[in-house]
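# Survey of secondary and tertiary structure
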Amino acid sequence: MSHPITSLTMHRQPTELVENRVCFAGPHSELSIYDTYEQANKVSLKSDALLYCGMVTGAKVMHTRHEQNIAFMPHESFILAPKEEVLIDFPEAQLDRPTTCLTVEISQERIAQICDRMNDVNNVDGLSPIDPNKPLHTLHTQGTQQVLDRLVSDFVQNDPDRDLLVDFGVSELVTRILRHHGREAFLQFTKTMPDANGLTNALSFIEANLAHPLDIDHLSKLACMSRSRFYQAFKRHLGCTPNEYQHQRRMNVALSFLKQRRSVTEVSMELGYQSLSHFSRRFHQHFGLSPRQVQNQLN
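Right, let's walk through the structure included here. (Residues numbered from 1 in each chain as written. Predicted model: local features only at pLDDT ≥ 70, side-chain atom pairs only at ≥ 80, totals over all residues. Heavy atoms only, no water.)

### Re the sheet that holds strand S8 (residues 86-90)
Pairing is antiparallel in the open sheet, where 4 strands are placed in the order S3-S8-S5-S6. Pairing within the sheet leaves two strands with one partner each, and these edge strands are strand S3 (40-45) and strand S6 (70-72). Neighbour-to-neighbour, the strand axes of this sheet turn through a mean angle of 30°, independent of strand direction. As paired strands, S3 and S8 are joined by 4 bridges and run antiparallel to one another. Residue Val-43 lies in a different strand from S8, and its bridge partner there is Ile-88. (Pairing = 2+ DSSP bridges. Helix = DSSP H or I, 4+ residues; strand = E, 2+ residues; numbered from the N terminus. Axes fitted to C-alpha atoms, helices over the stretch in contact; angles between N-to-C directions.)

### A word on unusual backbone geometry
A positive phi angle, near 55°, is found at Glu-19, a position not held by glycine. Within the secondary structure, Glu-19 sits in the segment before strand S1 (20-26). One non-glycine residue, Lys-42, lies in positive phi territory at about 55°. Structurally, Lys-42 is set in strand S3. Among the residues examined, Lys-42 registers a relative accessible area of 47% and is labelled partly exposed. (Buried < 20%, exposed > 50% of the residue type's maximum accessible area, 1.4 Å probe, protein only.)

### Points about helix H2 (residues 142-156)
Because each turn of an α-helix spans 3.6 residues, side chains separated by three or four positions in sequence point in the same direction. Given a rise of 1.5 Å per residue, 15 residues ought to cover 21 Å, and the 22 Å separating the end C-alpha atoms of H2 matches this to within 8%. For H2, the complete set of buried residues consists of Thr-144, Gln-145, Val-147, Leu-148, Asp-149, Leu-151, Val-152, Asp-154 and Phe-155. Among the structural elements, S1, strand S2 (29-36), strand S4 (50-57), strand S9 (99-106) and helix H3 (162-192) are those in contact with the buried residues of H2. (Expected span 1.5 Å × (residues − 1). Contact = heavy atoms within 4.5 Å.)

### Focus: the pattern of salt bridges
Applying the stated criterion across every chain yields a total of 13 salt bridges. For Arg-65, the salt bridge goes to Glu-84, with nearest N and O atoms at 3.1 Å. Within this pair, whereas Arg-65 is found in the loop between strand S5 (60-63) and S6, its partner Glu-84 is found in the loop between strand S7 (76-80) and S8, the two being separated by 19 residues in sequence. By relative accessible area, which is 6% here, Glu-84 ends up buried. Note that Glu-172 is salt-bridged to Arg-176, the shortest N-O span being 3.8 Å. Separated by 4 residues within a single helix, Glu-172 and Arg-176 lie in helix H3, roughly one turn from each other. Beyond isolated ion pairs, a larger network of salt bridges with shared partners links Arg-150, Glu-172 and Arg-176. (Salt bridge = Lys/Arg side-chain N within 4 Å of Asp/Glu carboxyl O.)

### Thoughts on the environment of Phe-283
Considering the arrangement of structural elements, one finds Phe-283 in helix H9 (residues 276-287). Under the relative-accessibility criterion, Phe-283 is labelled buried at 0%. Separated by 28 residues in sequence, Phe-283 and Leu-255 have C-alpha atoms that sit 8.8 Å apart. In this view, Phe-283 contacts Met-251, Ala-254, Leu-255, Leu-258, Gly-288, Leu-289, Ser-290, Pro-291 and Val-294; residues no more than four positions away in its chain are not counted.

### Points about the packing of aromatic side chains
Within this structure, the stated rule accounts for 6 aromatic pairs. Consider the rings of Phe-72 and Phe-78, whose centres lie 5.7 Å apart with planes at 55°: the pair is tilted. Take Phe-78: its relative accessible area is 1%, and that puts it in the buried class. A ring pair is formed by Tyr-273 and Phe-279, whose centres lie 5.3 Å apart and whose planes are at 55°; its orientation type is tilted. The same class applies to Tyr-273 as to Phe-279, namely buried. Taken together, the aromatic side chains of Phe-230, Tyr-231, Phe-234 and Tyr-245 make up a single cluster linked through ring pairs. Lying over the aromatic face of Tyr-273, Arg-250 brings its terminal NZ or CZ to 5.1 Å of the ring centre. Geometry around Phe-257 places Arg-262 over its ring, the cationic atom sitting 4.0 Å from the centre. (Phe/Tyr/Trp six-rings, centres within 6.5 Å; stacked < 30°, edge-to-face > 60°. Lys NZ or Arg CZ within 6 Å of the ring centre and 35° of its normal.)

### Things to note about the packing of H3 against helix H6 (residues 227-238)
Running from N to C, H3 and H6 point in directions that differ by 115°, and their axes come no closer than 9 Å. Viewed along their axes, H3 and H6 adopt a mutual orientation that is roughly perpendicular. Of H6, the residues touching H3 (which contributes Arg-179, Arg-183, Phe-186 and Leu-187) are Arg-236, His-237 and Leu-238. (Parallel < 35°, antiparallel > 145°, perpendicular 65-115°, else oblique.)

Structure (structure tokens):
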């Protein structure tokens, strides 16, 4: 299925060859679509608000004050804190094959509102706006891609409820960003202090045994909780069930292995999948790309 941006060709006639921009304003947010038609280096991008970046076609190389030479490809998210600058290289851009990306600029006020609401609903204080000390770069799931596709359609359509739909879409996107950000902070803490509490103990065991089926009774004992309390605590902190979390970790590790140019068969076997077809199907469902497509993007 084609990306909603492809339907906007008539609005995107180039007036600039580098970062030709078309933008659409929404409540507390703004969508921009950038097309670059020639190779370029060290093009600056920053915003006074949080900036969500998603690749559509082609590839870019990102340079931040924390890290250099970050490959940025389709189905990946790159999130910049307010006033954080990134310098961008466009190694593949051509006049007949532009590099296309989108950004969604979201006001700090809206992010704070959603963050407070999530903390109230989940009865935790672990979710906070994006850490300004490190941009968030991740290959997002098919669910996040669907949110982006719908959000683009909501921004550009002439619908009487357009602003309401855009605000719903932005809220869902920010919720996913904050959940991922808060979870990553908790997981980093778990790596540093695996025996800090029962939940970190169970998470460490899952990480060390990704290729094996989960035994919930054993995990509950490690966490010193009943099954029901373990499920509740796990979902409150991780946003998913233990089985869903193991699947997500398997997928992320698989992606890391594929980027190391390991074979699909080897990755599938190492992560405990019974068949290559089952692994490939789960990977495609999660990322919207097949393992082979990921490998081809690295060539």
